[in-house]
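Working through the structure, step by step
Residue-level listing of the chains:
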Amino acid sequence: MVKEKFYVTTPIYYPNDIPHIGHAYTTVIADVVARWNKLLGKDVYFLTGTDDHGKKIADTAEAAGKSPMEFVDDLIPKFKDAWSKMGIEYDRFIRTTDKDHEKNVQSMLQKSYDNGDIYLGEYEGLYCIGCEQYYTEKDLEDGCCPIHKKPVEKVKEETYFFRLSKYQDKLLELYEKNLEFISPPRRRQEIINRVKEGLRDLSISRTSFDWGVKLPFDKKHVCYVWFDALFNYVSGVDDKSRWPADIHLIGKDIIWFHTVYWPAFLMSVGEELPKKVFAHGWWTFDNEKISKSVGKVINIDELVAITGNKDSARYFLCRATPFGDDGDFSESALVDRHNGELLNKLGNLVSRTTGLIEKYGVEKCESGLVVNFDSINSLMQNLEIDKALNEIFAFIDLCNEYIQEKKPWATQDKKVLYELADAIKNIAILLYPFIPSTSEKIADKFGGFKFTKEGLNLPFDVNIEIKKGEGLFVRIEQEEPEAISQKSGIKKKDKKVNKEKKAEGVMTLGEVTFEDFAKLDLRVAEIKEVEEIEDADKLYKISLDVGENIGARTVCAGIKKYYSKEDLIGRKIVYFANLKPRKMKGVVSEGMLFAASTEDDSQVSLINPGEIANGSQVS
RNA sequence: AGCGAGGUGGAGCAGUCUGGAGUGCUCGUCGGACUCAUAAUCCGGAGGUCGCGUGGUUCAAAUCCCGCCCUCGCUACCA
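Residues numbered from 1 in each chain as written. Chains lettered and ligands numbered in written order. Predicted model: local features only at pLDDT ≥ 70, side-chain atom pairs only at ≥ 80, totals over all residues. Heavy atoms only, no water.

Moving on: the sheet that holds strand E1 (residues 5–13). Taken in spatial order, the six strands of this open sheet run E3-E2-E1-E12-E13-E7, and their pairing is parallel. In this open sheet, the two edge strands, each paired with only one partner strand, are strand E3 (92–95) and strand E7 (182–183). Pairing between strand E12 (residues 247–251) and strand E13 (residues 277–280): four bridges, direction parallel. Following the sheet pairing, leucine 249 is matched in E13 by phenylalanine 278. (Pairing = 2+ DSSP bridges. Helix = DSSP H or I, 4+ residues; strand = E, 2+ residues; numbered from the N terminus.)

Okay, the sheet that holds strand E19 (residues 552–557) next. Read across the sheet, five strands follow the order E19-E18-E17-E20-E23 without closing on themselves; strand pairing throughout is antiparallel. In this open sheet, the two strands that pair with only one neighbour each are E19 and strand E23 (592–593). Summarising the sheet, strand E17 (residues 522–532) and strand E20 (residues 572–576) pair through five bridges and their orientation is antiparallel. Bridge assignment links alanine 525 to a residue of E20, and that residue is isoleucine 573.

Attention now moves to the packing of aromatic side chains. Counted by the stated rule, this structure contains 34 aromatic pairs. Relative to tyrosine 224, the ring of phenylalanine 209 lies with its centre 6.3 Å away and its plane at 65 degrees, an arrangement referred to as edge-to-face. Placement of the pair is phenylalanine 209 in the loop between strand E9 (205–206) and strand E10 (214–215) and tyrosine 224 in the loop between strand E11 (218–223) and helix H7 (226–230), with a sequence separation of 15 residues. Residue tyrosine 224 is classed as partly exposed on the basis of its relative accessible area, which comes to 29%. It is arginine 206 that lies over the ring of tyrosine 224; its NZ or CZ is 4.1 Å from the centre. (Phe/Tyr/Trp six-rings, centres within 6.5 Å; stacked < 30°, edge-to-face > 60°. Buried < 20%, exposed > 50% of the residue type's maximum accessible area, 1.4 Å probe, protein only. Lys NZ or Arg CZ within 6 Å of the ring centre and 35° of its normal.)

Moving on: the packing of helix H13 (residues 373–381) against helix H14 (residues 385–406). The contact between H13 and H14 brings their axes to 8 Å, and the two run at 165 degrees. Of the possible angle classes, the one that applies to H13 and H14 is roughly antiparallel. For the pair H13 and H14, the sense of crossing is left-handed. Counted together, Ser375, Ile376, Leu379 and Met380 of H13 and Ile385, Lys387, Ala388, Glu391 and Ile392 of H14 form the full contact between these two elements. Here the residues of the contact of H13 with H14 sort into six nonpolar, one polar and two charged. (Axes fitted to C-alpha atoms, helices over the stretch in contact; angles between N-to-C directions. Parallel < 35°, antiparallel > 145°, perpendicular 65-115°, else oblique. Left-handed = near helix turned anticlockwise from the far one by under 90°. Contact = heavy atoms within 4.5 Å. Nonpolar A, V, L, I, M, F, W, Y, C, P; charged D, E, K, R; others polar.)

For glutamate 548, the location among the structural elements is in helix H20 (residues 547–550). For glutamate 548, a relative accessible area of 81% puts it in the exposed group. Along the chain, glutamate 548 and proline 185 lie 363 residues apart, while their C-alpha atoms are 63 Å from each other.

Moving on, we get to unusual backbone geometry. Here the residue pair serine 183 and proline 184 is connected by a cis peptide bond, since its omega of -10 degrees sits within 30 degrees of zero. Take proline 184: it is sitting in the loop between E7 and helix H6 (188–196). Look at the link from tryptophan 243 to proline 244: it is a cis peptide, with omega at 5 degrees. Within the secondary structure, proline 244 sits in the loop between helix H8 (232–235) and E12. Unlike most non-glycine residues, leucine 383 shows phi in positive territory, near 60 degrees. For leucine 383, the location among the structural elements is in the loop between H13 and H14.

Here you go:
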């Protein structure tokens, strides 16, 4: 039987900087879509990559004292590494510098040229000699270059044009015939209106730099940007029969190029058109635009580090906002999803069920806990990814309600436990495209099962030993915004104490076992250096000497109000060495210092271990 | 300026295209249940004139139309 093919792409990213949350978003969604279609049994192909060419890359490379190729070669591993850290499994990572792609672009250029769609003309633009760059009218400040503040010149350059104007009617016909070509649908009218306003022919070559694909019919020229970049989608397949793509996933900023230039290019060379171009929205960061200049870019390492779990990041990106709309990213929103949904709902369901099964076992029966696959699948087909997850989590809620109602811990009803085990198996299968490594962890606990649509209906194997094992997610304690110091932990406890006090009338922190206490690695350390942190009115950045074994460590401590730098340097303190590292005001804090404080924080005093050697244990 | 998106209980969002009792979700809050589970889970309550015009259409408007106010993003290669 021939499997149905499915081909999904991300844009090829511009490797002039390391990848960030925006890149990750498109790529994660593409991965989710690819995995979902694999689940359905399709023969899936998933392409991502980088756009290595262009003047900007050439310039940036020169500034860095590298050749463009060296410069790009150095950045590519950062992209591949980021995708591996996000659990992304693409079939090919294409680069526009790949030989097969360059050859393909040249052959496409030739075809288009032979068809009379490419002609030599003159590009006239406003040029700044200092920048060696063209500007548009609106870039200018009082007719001057915004960087050099000098007047720009009108310059003419020989360049090849693509006859985009010729395709206006055909494009409008395409939008009319294929309603899904521009998705989500609300973006359609925008494009249609702009196309109706008329299309200008497009300059597709340059002679002013040479970092690009040479035009086969005129070697003085290199291909400029879009013609080169867009054809990666055709170059990148392992087998020509995969084209056309089922879906191009893109950000909303490049929808014009993908829904106007791209189909026009393809019509010109006689290739089939992609079935759908889907433009998603953008992320803001704490409600501000993500921008490098403001330091708001969140890179992949930071994204994963917040919860220490790539699946939580993937889940957040899929779940937090309707796909297609803009969304806001914040650390606390991510942690809320992680703790509240993944851990409390899913993790806890698995935890309590496996625990009960370990004690009482299961007995096969017809399960009453049935999930509606068709409804979830149809949401996925429309790329309503957040809603699909919503449905899956509604089923998880149903399972938690079911346990509550059936009380298997009291009844020891093995049939109920079987139903729950079967439900969890199905949940793990359905969640596999979104949070693959978590689903694998669940499968491990249940003796392993395959992640396929068919697996949903396969009865659960009762002979397998089911283990409770470790929890699926680790709880992330969020710090109070006003207490970014190391004292926040204490403050939080105080809060809880007050609550318990109210409930029981007893002041207590609760009991911990010695084993729990022994998990803390407490050491004597000496303060070597103290630095101020920009924008932080409570924090010091403190460098510690923690003896030979541990060495130097950096911590952030909110004690600026209580100690001067001179007070601190040379002082011995008690250091909590294996506290999970955490970023504060952009500085990674590896642990905390111990201090006693009054309830209103009016007095704070660092604990003094006396003259014991650095690195000594405290217990 | 132009284009686009949004304004829904204390917070964040669905719901608006295809009008039908303010319906839903997450967090917070209050009360209860449970004690299998990572202080997790479950049930219930309080809390909103769905930005404004007490505008229009309609038997019926969060939803459609008009006007206004406010917030945010984009304007060409940063998703």
